[in-house]
Amino acid sequence: MSTTEQVTELIPDTVARQIVLPEGHRDNDALFEAYRWLRENNPLGRAMVEGYDPIWLVSKHADIMEIERQPDIFTSAGAEDKGSVNPILANQAGDQFTKSINNGSLRILETLTYLDPPEHTAIKDIALDWFRPTNLAQWEATIRDLAKAAVARLLKTDGRIDFVKDFALHYPLHVIMSLFGVPESDEPRMMALTQEFFGTADPDAAREDVEPLTPDAAAKQWVATIQDFYAYFERLLQDRRANPRDDLATIISVARNESGEYYPNEVAYGYFIAIATAGHDTTSSTLAGGMLELGRNPELLAKAKADPALAPHIVNESLRWASPVKHFMRQATQDYTLRGRDIKKGDRFMLLYQSGNRDADVIPDPDTFDITRRPNKHIAFGYGPHMCIGQHLAKLELRIMFEELLPHIESLELADDTKMIQTNFVGGLKNMPVQIAFTR
């Protein structure tokens, strides 16, 4: 490759740092402007950020889908050995710490994120049928009761709340824990662990047992939180194997491999952690992001209230708009040509789902929050084999909440500035101080 080609590929440092560094995600406007710059000027470019491995930033919808549909060419697990790369972007110090405590492997969790087919397929099949819409239909009444209870509690307030901390975070967690069969008294512990899990780079979510501001602090918090999850879910696993119930936790706990033996406990832990964290945090971020835009656009709120049939479309547009899963990483297993770039075996890619969901080549007028958008070709749940197993549950929870909440909202106005979680992985609004006027 010539020096000229290398310069053409290289993304300006200010743009690369805005996207790669967790602190760049505190400023949503600057972040999305950086995404826009990439799409318009260097849609598949190389980021060289100090402290991180060189990576390609993938900003276009079509390129993300091309990578996602080919796990044999673009791996999650690693081009050489399983666990040789991290499917979640971490700095070099963090990856080195993880290897040092995990026998040289970055596969710190036995969960779908770290796997490729056919192993990925076998593990996904454990709970795939449970997450199908036909099975989830039996849980709709239960979820609606939980949504009604959450709205009833909200209506007892004077409407001046932090919509994230006082409302959006609690409902999805309560749903997930109810489906698991976890006692409501344990939910505060799950809430704290989830915030620590996805807030590894956010000072407000730092653990007391991890020294802050060190290069490997995020990785240390990630590992410590996983161990705490393991300790909790070990009790749940053993209980469900001894006392099976009609719940999701039992399906995962009693799953057996081709030899008829239980899967290793770590597989169940990985499932539990993925569902308890991603199934909760992504839904709450989407709910908050959607309500913020409805509040900012009173005519949309009025339209939504007037036509309950819009609820599924509000869900999809909120998912596109918030895109709470910001990235996953992939690695090339062979040389490849993508968007005219010469990709080499071993190159790594940061798939920017938030950017793909603002791609005007696929999404008309992408910077407008449009609750009548049809079709809505968002990729908030990913694409291909790694498409989120819990997408139908998330959509069901969100649809029901919008159906139950919106009839009671006359207006929703910001009472102060919003704040974003400092993370480049999964997250959204951290604070959303609002004044809600209720329709009584």
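Since the structure is predicted, the reported quantities are computational estimates derived from the model, not experimental observations.

So, how was this worked out
Residues numbered from 1 in each chain as written. Predicted model: local features only at pLDDT ≥ 70, side-chain atom pairs only at ≥ 80, totals over all residues. Heavy atoms only, no water. Axes fitted to C-alpha atoms, helices over the stretch in contact; angles between N-to-C directions. Helix = DSSP H or I, 4+ residues; strand = E, 2+ residues; numbered from the N terminus. Parallel < 35°, antiparallel > 145°, perpendicular 65-115°, else oblique. Contact = heavy atoms within 4.5 Å. Nonpolar A, V, L, I, M, F, W, Y, C, P; charged D, E, K, R; others polar. Buried < 20%, exposed > 50% of the residue type's maximum accessible area, 1.4 Å probe, protein only. Pairing = 2+ DSSP bridges. Phe/Tyr/Trp six-rings, centres within 6.5 Å; stacked < 30°, edge-to-face > 60°. Lys NZ or Arg CZ within 6 Å of the ring centre and 35° of its normal. Core = buried A, V, L, I, M, F, W, Y, C linked by side-chain atoms within 4.5 Å. Salt bridge = Lys/Arg side-chain N within 4 Å of Asp/Glu carboxyl O.

Q: Help me understand the packing of helix α14 (residues 265–296) against helix α15 (residues 298–306), please; the structure alone is not making it clear to me.
A: Viewed as axis vectors pointing N to C, α14 and α15 meet at an angle of 110°, and their least axial separation amounts to 5 Å. Comparing their axes, α15 and α14 come out roughly perpendicular. Here L294, G295 and R296 of α14 lie close against α15, whose contacting residues are P298, L300 and L301. Here the contact of α14 with α15 is composed, by residue class, of four nonpolar, one polar and one charged.

Q: Teacher, can you tell me more about the pairing of strand β5 (residues 327–332) here?
A: Along a regular strand, successive side chains alternate from one face of the sheet to the other. Burial of β5 is extensive: six of the six residues sit out of reach of the surface. Of the two faces of β5, the one holding H327, M329 and Q331 and the one holding F328, R330 and A332 are both buried throughout. Pairing analysis gives two bridges linking strand β3 (residues 74–75) to β5, with the strands arranged antiparallel. Bridge assignment links T75 to a residue of β5, and that residue is Q331. Alignment of β5 against strand β8 (residues 348–352), held across five bridges, turns out to be antiparallel. Residue R330 lies in a different strand from β8, and its bridge partner there is F349.

Q: Explain the pairing of strand β2 (residues 55–58) here, please?
A: The alternating pattern of β2 places I55 and L57 on one face and W56 and V58 on the opposite face, and all of these are buried. Two elements, strand β1 (residues 44–47) and β2, share four bridges in a ladder whose sense is antiparallel. Paired with L44 across the strands is V58, a residue of β2. Two elements, β2 and β8, share three bridges in a ladder whose sense is parallel.

Q: Where do I start with the packing of aromatic side chains in this structure?
A: Pairs of aromatic rings are described using the distance from one ring centre to the other and the angle between the two planes. Inspection of every chain in the model, using the stated rule, returns 16 aromatic pairs. Ring geometry for F32 against Y35: centres 5.3 Å apart, planes inclined by 90°, an arrangement best described as edge-to-face. Highlighted residues: F32 and Y35, both in helix α3 (residues 28–41), separated by three residues, approximately one helical turn. Residue class for F32 comes out buried when judged on its relative accessible area of 14%. Seen in terms of ring centroids, F74 and Y336 are 5.1 Å apart; in terms of plane orientation they differ by 80°. Their pairing is edge-to-face. Taken together, the positions of F74 in strand β3 and Y336 in strand β6 (residues 336–338) put the pair 262 residues apart, joining distant regions of the chain. Looking at F74, the relative accessible area reads 1%, which means it is buried. Classification of Y336 as buried rests on a relative accessible area of 18%. Here the aromatic residues F180, F229, Y232, F233 and F272 are joined through ring pairs into a cluster of three or more. Over the aromatic face of Y262 sits the side chain of R256, whose NZ or CZ is 4.1 Å from the ring centroid.

Q: Even after reading the chapter, I still don't get the sheet that holds strand β12 (residues 433–438), so can you show me in this structure?
A: The strands making up a sheet associate through backbone hydrogen bonding, with each pair oriented either parallel or antiparallel. Across the sheet, three strands lie side by side as β4-β12-β9; this open sheet has antiparallel pairing. Looking at the sheet topology across the chains shown, the edges are occupied by β4 (160–162) and β9 (409–414). Sheet twist, expressed as the average angle between the axes of neighbouring strands with direction ignored, equals 30°. Sheet topology places β4 next to β12; three bridges connect them, and they run antiparallel. The residue of β12 that forms the bridge with I161 is V434.

Q: Is there a simple way to explain the nonpolar core in this structure?
A: Across soluble globular proteins, nonpolar side chains have a tendency to be buried as a group. Judged by nonpolar contacts, the single largest core of 116 residues is most densely connected at F163, F180, F233 and M291. When residues of this core are assigned to their parent elements, the largest contribution, 13 residues, is made by α14. F163 has contacts with A168, L287, A288, M291, L405, L412, M432, V434 and I436, leaving out every residue within four places of it along the chain. By size, the runner-up hydrophobic cluster in this structure holds 20 residues, among which are Y52, L89, M329 and L352.

Q: Could you clarify how one ought to interpret the pattern of salt bridges in this entry?
A: As a working rule, side chains carrying opposite charge can pair if their charged atoms are close by. Tallied over the full model, the rule gives 24 salt bridges. A salt bridge links E119 to R107; the nearest nitrogen and oxygen atoms lie 2.8 Å apart. Separated by 12 residues along the polypeptide, E119 in helix α6 (residues 119–128) and R107 in the loop between α5 (92–101) and α6 bring together distant segments of the chain. Exposure remark for R107: the relative accessible area of 13% places this residue in the buried category. When salt bridges that share partners are traced, they join E140, R144, R399, E403 and E404 into one network.

Q: What exactly am I supposed to notice about unusual backbone geometry here?
A: If a residue is not glycine, its phi is most likely negative; likewise, a peptide bond is most likely trans. Across the junction of P117 and P118, the peptide omega takes the value 5°, indicating a cis bond. The omega torsion of the bond from R374 to P375 falls at -5°, within 30 degrees of zero and hence cis. With respect to the element layout, P375 can be found in the loop between α17 (353–356) and α18 (391–405). Positive phi, normally seen in glycine, also occurs at S323, with a value near 40°. Since its relative accessible area comes to 0%, S323 is described here as buried. Positioned with a positive phi, D365 is a non-glycine residue whose angle comes to about 50°.

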